[in-house]
Amino acid sequence: MKKVKITILKTMLYEGLAKEYGICGLKACSMMKESDVFYADYAKPKGFCDEAWKALYQYVFALAHGADKGLFYYGDWIKEPGVTIVSCNDGLRPVIMKLEATDEDAKIEYTTVER
């Protein structure tokens, strides 16, 4: 299993939707900042948003386990192997992220439970 590099490309705020449905003064995501970089494998990186992780963990899992050899989804989405662009599921203030396969080995950092 390899590590996957996650780069925050863009934090957005859909002002019209936020004005209509959001709380007063809602701003773009305050947890993730553009150009932040995280590394992931089987687990959510420290400091990474729980909701964003739910939206992208399946892509991280795929890249960490060798999906970097081909193009995602039959080659009709992203032009570069080992890369995908995803967003969190916040409909008012989404965060756009770039995921990249790396050659760095992941390390299991937990102790298995003996049964």
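Residues numbered from 1 in each chain as written. Predicted model: local features only at pLDDT ≥ 70, side-chain atom pairs only at ≥ 80, totals over all residues. Heavy atoms only, no water.

A short note on helix H2 (residues 50–64)
If you look at H2, its biggest bend is around 55 degrees, right at Leu 56. For H2, the set of buried residues is Ala 52, Trp 53, Ala 55, Leu 56, Tyr 59, Val 60, Leu 63 and Ala 64. Where H2 is buried, its residues contact strand E1 (2–11), strand E2 (37–40), strand E3 (83–87) and strand E4 (95–105). (Bend = angle between axes of the 7 residues up to and from the residue. Helix = DSSP H or I, 4+ residues; strand = E, 2+ residues; numbered from the N terminus. Buried < 20%, exposed > 50% of the residue type's maximum accessible area, 1.4 Å probe, protein only. Contact = heavy atoms within 4.5 Å.)

As for unusual backbone geometry
At Ser 35, a position not held by glycine, the phi torsion is positive, near 80 degrees. Turning to its location among the elements, Ser 35 is positioned in the loop between helix H1 (15–21) and E2. In this structure Ser 35 comes out as exposed when scored by relative accessible area, which is 58%.

Structural notes on the sheet that holds E4
Taken in spatial order, the four strands of this open sheet run E2-E1-E4-E3, and their pairing is antiparallel. What marks the edges here is a single partner per strand, and that holds for E2 and E3. This sheet shows a mean twist of 30 degrees between the axes of neighbouring strands, independent of strand direction. As judged from the four bridges shared by E1 and E2, these two strands associate in the antiparallel manner. Paired with Ile 6 across the two strands is Phe 38, which belongs to E2. Each of E1, E2, E3 and E4 is contacted by H2, which is oriented at about 30 degrees to E4, the strand it contacts most. (Pairing = 2+ DSSP bridges. Axes fitted to C-alpha atoms, helices over the stretch in contact; angles between N-to-C directions.)

What to know about the side chain of Asp 41
Summarising the element assignment, Asp 41 is placed in the loop between E2 and H2. Engagement of the side chain of Asp 41 in a polar contact is seen with the backbone nitrogen of Ala 43, the distance being 3.5 Å. Setting aside residues up to four positions removed in sequence, Asp 41 forms contacts with Met 1, Lys 2, Lys 3, Trp 53, Val 60, Ala 106 and Lys 107. (Polar contact = N/O pair within 3.5 Å; in protein donor to acceptor, adjacent residues only side chain to side chain.)

The analysis is restricted to geometry; functional conclusions fall outside its scope.
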